[in-house]
Amino acid sequence: MDSARHAPAAEAELPPYVGIRIADVQLVTTAELALAARDALLASDAIGFDTESKPTFIKGETSTGPHLIQFSTDDKAYLFQIGGTTAAHTLEVLQAVLEAPAPLKVGFGLSDDVKRLHAKLAIRAAGVVDLSVALRTPGQRNDLGAKTAVAKFFGQKLQKSKKISTTNWALPRLNDKQILYAADDAQVALRVYRHWIANGGKLPPMRPVKLPRPKPVPPQA
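These numbers were taken from a predicted model, which means no experiment stands behind them.

## Quick look at the packing of aromatic side chains
Under the criterion given, the structure shown has three aromatic pairs. Ring centres of Phe-49 and Phe-71 lie 5.7 Å apart, and the angle between their planes is 20°; on these two criteria the pair is classed as stacked. Here Phe-49 is found in strand S2 (residues 46–52), whereas its partner Phe-71 is found in strand S3 (residues 68–72), with 22 residues between them in sequence. A ring pair is formed by Trp-169 and Tyr-181, whose centres lie 6.0 Å apart and whose planes are at 40°; its orientation type is tilted. Placement of Trp-169 in the loop between helix H7 (162–165) and helix H8 (176–198) and of Tyr-181 in helix H8 is noted, with a sequence separation of 12 residues between them. The two residues Trp-169 and Tyr-181 agree in class, both being buried. Taken together, the ring pairs in this structure connect Phe-49, Phe-71 and Phe-80 into an aromatic cluster.

Next up, the structure:
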């Protein structure tokens, strides 16, 4: 998710970033599609990664997300919807992709995503590269968001609609705007990563996200 609050005036005048086409987004709804997605993702050296969760509006309310997990190769995005119960074939594919050290999973602001994945699906993600941290320049304190990165590296303006980002991601049927928003979140991260590496960027040592220890199971009487 992008943490930038206000775009600089110059950024507002940039040409728009052209994202992924709807024809290149696959909603993974069957076991066959899940296996095809797994094979395509595991064949890549790096993939874009993000999640979406139904927003919480009540103070103290705990998120039940993620409700959508999205990945992207260089030319295609794969979206996995996560409901109250997750199909066995979906969980197996998510584990195969996320728990392996390769491919690298690159995205922006992934700390909460990784923690929610662990809390909801018991997945311990590995090989995760948080570009918000990796792209920091010496002396920079704030994380770098997707909008700022696209403006910096591509000279373009990434549209990030808060109206869409705060929609209900738990709906059984997502609309085209939600699908494109989610797919772009994953693919833009991969495009930024590719550009950065091609221009001499070096990954810092990866540190795993600290996950909470499992609660002890009380002894049975």
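## Notes on unusual backbone geometry
Cis rather than trans, the peptide bond between Gly-65 and Pro-66 has omega equal to 5°. Although it is not a glycine, Ala-122 adopts a positive phi angle of roughly 60°. Mapped onto the elements, Ala-122 comes out in the loop between helix H4 (111–121) and strand S6 (128–130). By relative accessible area, Ala-122 is classed as exposed at 53%.

## Points about the environment of Val-97
With respect to the helices and strands, Val-97 occurs in helix H3 (residues 88–98). Take Val-97: its relative accessible area is 0%, and that puts it in the buried class. A sequence separation of 58 residues divides Val-97 from Asp-39, and the C-alpha atoms of the two residues are 9.3 Å apart. With near-sequence residues (within four places) excluded, Val-97 lies in contact with Arg-38, Leu-41, Leu-42, Ile-47, Phe-71 and Lys-105.

## Side note on the pattern of salt bridges
Enumeration according to the criterion identifies five salt bridges in this entry. In this structure, Arg-38 and Asp-39 form a salt bridge, with 3.0 Å as the shortest nitrogen-oxygen distance. A relative accessible area of 28% means that Arg-38 is categorised as partly exposed. Close ionic contact of Asp-185 with Lys-160 constitutes a salt bridge, the shortest N to O distance being 2.6 Å. Highlighted residues: Asp-185 in helix H8 and Lys-160 in the loop between helix H6 (146–154) and H7, separated in sequence by 25 residues. On the basis of relative accessible area, Asp-185 is assigned to the buried category, the value being 9%. Via salt bridges that share partners, Asp-45, Asp-74 and Arg-194 belong to a single interconnected network.

## Focus on the sheet that holds strand S1 (residues 25–27)
In space, the six strands of this open sheet follow the order S1-S4-S3-S2-S5-S6, with mixed pairing throughout. A single partner strand is all that each edge strand has here, and the edge strands are S1 and S6. On average, adjacent strands in this sheet sit at an angle of 25° to one another, irrespective of strand direction. Examined bridge by bridge, strand S5 (residues 104–107) and S6 share three bridges and lie parallel to one another.

## Looking at the environment of Ser-63
Tracing the backbone shows Ser-63 in the loop between S2 and S3. A residue is classified by how much of its surface remains accessible, and Ser-63, at 23% relative accessible area, is partly exposed. Along the primary structure Ser-63 and Ser-53 are separated by 10 residues, whereas in three dimensions their C-alpha atoms are 7.4 Å apart.

Quick notes on the rules
- Residues numbered from 1 in each chain as written.
- Predicted model: local features only at pLDDT ≥ 70, side-chain atom pairs only at ≥ 80, totals over all residues.
- Heavy atoms only, no water.
- Phe/Tyr/Trp six-rings, centres within 6.5 Å; stacked < 30°, edge-to-face > 60°.
- Helix = DSSP H or I, 4+ residues; strand = E, 2+ residues; numbered from the N terminus.
- Buried < 20%, exposed > 50% of the residue type's maximum accessible area, 1.4 Å probe, protein only.
- Contact = heavy atoms within 4.5 Å.
- Salt bridge = Lys/Arg side-chain N within 4 Å of Asp/Glu carboxyl O.
- Pairing = 2+ DSSP bridges.
- Axes fitted to C-alpha atoms, helices over the stretch in contact; angles between N-to-C directions.

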